[in-house]
Amino acid sequence: MLKKILFFSLLLVNLIAFSQNPKLSPTTEVSVFTCGRGEELYSTFGHTALRIKDTVNQLDVVYNYGYFDFRAENFYFKFVKGDLQYFMNVTSFEDFVFEYQNDKREVVEQTLNLPLAKKQELFEALNAALLSKDRYYTYKFIDRNCTTMIVEKINSLYGKAQIQKVDDKTISYRTLLYPYFDNYFWYKLGINMVFGARTDHDAEQLFLPVELMHSLDKAKFDGKRLVSKTEIVVTGEDIQPKFSFFNSIYLICTILLILILINNRVVLQSYLFICGLFGLFLCLIGFFSEHVELLWNYNALLFNPLLLLLPFVKGNFLKRLNIVLLLLLLIYSIVMITKIHLVIMLPFILANLYILLKLNGRNAKLLSSVKQDRT
């Protein structure tokens, strides 16, 4: 499949490079594809692409801004840092649809009611971008992705933002994204741990494929409805994973409960030390990464880098440190009261609270074991 895509892309690029852009016929159709969710993390939110079909010129191609190169040097480093280059590519309609049929993912096509001159302008702009540095863009989860790039191209036809978000703008980005991870506990936990305060802002930016589909239905150009026709190109299957204990919050609760029941100073402090390492990671990635979604991550109050000091301090300094950690944990708990991800973070809140209280001398049994370890 990849070889076919590359061959077709090179063929089209050569065609465009050595000839003028063909004049589109009056029967040309421009449409937006909204693709359903996939099982992989990168496909969780669906996908957006743009189709141009002209039977007179035997043209039926799909422009797709969702490509990235796994073979890029320092791929994971660039992805985390936020300067990974995505790019636009072009495939035949048949190859594009085949991929989604194979994955059983729904594809909805919305045909746009554009004048022929605007269709030609869009076609030439896409081809020009394909042959220039504009083909590439720096991926940003909310601000710049396959959906926002398509919105930008369509809006540029009229020089202003005609396509506006129509879905609820009063909920937060985190609340908007939360249902996408139903039955995918580890994705949900990881995303909500890593994402910072930006995702708690009101979700005013149009950035999800399904949001664009809804917005296109309401959009108008020159007083006319933008979408002239909507049809399902690929009928997808809503594949929901079966419940698994190992892919649920119950596994986390069980592990933390076992740690507490073991009631061993070394084990408990080792757990807190790991929490501290993760908190240090959250702080460093916030300074290092250009993904604004990772900035000001208040989860560092729960997975506090100060926890790294616990195995190395004693006496009154240890007690004062525990008090500081408990106060910061209290602040975190207050911040979390109104957050949608409170439930999945609650086991960590309760476990850390319980362990810190024990280490602070609130439990005689553990305190005695601590004293014995020091003799």
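Here the structure is a predicted model, which is why all the values come from computation and not from measurement.

Caption draft 1: Representation of the environment of Asp54 in the model. Note that Asp54 resides in strand 2 (residues 47-54). According to the relative accessible area criterion, Asp54 is buried, its value standing at 0%. On a C-alpha basis, the gap between Asp54 and Glu29 in space is 6.5 Å, while along the polypeptide they are 25 residues apart. If we skip the residues at most four places from it in the chain, Asp54 touches Lys23, Leu24, Ser25, Thr27, Thr28 and Leu59. Within polar-contact distance, the side chain of Asp54 engages the side chain of Ser25 at 2.6 Å. Separated by 3.2 Å, the side chain of Asp54 and the backbone nitrogen of Val56 make a polar contact.

Caption draft 2: Local environment of the packing of helix 9 (residues 249-262) against helix 10 (residues 265-288). At a closest axis distance of 8 Å, the pairing of helix 9 and helix 10 adopts a crossing angle of 140 degrees. By the angle between their axes, helix 9 is oblique relative to helix 10. Where helix 9 approaches helix 10, its residues Leu256, Leu259, Ile260 and Ile262 are matched on the opposing element by Val267, Leu268 and Tyr271.

Caption draft 3: The arrangement of the packing of helix 7 (residues 185-194) against helix 9 in detail. Closest axis-to-axis distance for the helix 7/helix 9 pair is 9 Å, and the angle between their directions is 70 degrees. Judged by the angle between their axes, helix 7 and helix 9 are roughly perpendicular. Together, Phe185, Trp186 and Leu189 of helix 7 and Ile249, Leu251 and Ile252 of helix 9 make up the contact between the two elements. Looking at the contact of helix 7 with helix 9 residue by residue, the classes come out as six nonpolar, no polar and no charged.

Caption draft 4: Local environment of the side chain of Arg105. On the secondary structure map, Arg105 appears in the loop between helix 3 (93-103) and strand 5 (107-112). Despite its burial, Arg105 remains without a salt bridge, the nearest opposite charge being carried by Asp103 at 4.5 Å. At 3.5 Å, the side chain of Arg105 and the backbone oxygen of Arg37 are in polar contact. Other than its neighbours up to four places away in sequence, Arg105 contacts Gly36, Arg37, Gly38, Ser43, Gly46, His47, Tyr100, Val234 and Gly236.

Caption draft 5: Molecular detail of empty space enclosed by the protein. Taken as a whole and assessed by the stated rule, the structure comprises two cavities of 30 Å³ or more. The volume enclosed by the largest cavity comes to roughly 50 Å³. Around the largest cavity, the lining residues are Leu301, Leu302, Asn304, Leu307, Leu325, Leu329, Asn352 and Leu356. Only helix 11 (315-336) and helix 12 (342-362) provide two or more residues apiece to the lining of the largest cavity. Its residues assigned to classes, the lining of the largest cavity shows six nonpolar, two polar and no charged. One number sums up the size of the second largest cavity: a volume of about 30 Å³. What lines the second largest cavity is simply Arg174, Leu177, Tyr178, Phe181, Ile191, Asn192 and Phe195.

The rules behind these values
Residues numbered from 1 in each chain as written. Predicted model: local features only at pLDDT ≥ 70, side-chain atom pairs only at ≥ 80, totals over all residues. Heavy atoms only, no water. Helix = DSSP H or I, 4+ residues; strand = E, 2+ residues; numbered from the N terminus. Buried < 20%, exposed > 50% of the residue type's maximum accessible area, 1.4 Å probe, protein only. Contact = heavy atoms within 4.5 Å. Polar contact = N/O pair within 3.5 Å; in protein donor to acceptor, adjacent residues only side chain to side chain. Axes fitted to C-alpha atoms, helices over the stretch in contact; angles between N-to-C directions. Parallel < 35°, antiparallel > 145°, perpendicular 65-115°, else oblique. Nonpolar A, V, L, I, M, F, W, Y, C, P; charged D, E, K, R; others polar. Lys, Arg positive; Asp, Glu negative; His and termini not counted. Salt bridge = Lys/Arg side-chain N within 4 Å of Asp/Glu carboxyl O. 1 Å grid on protein atoms, 1.4 Å probe; cavity = no way out; pocket = protein on both sides within 12 Å on 5 of 7 lines; lining within 4 Å. Points joined across faces, edges and corners; volume = space filled by probe spheres on them.

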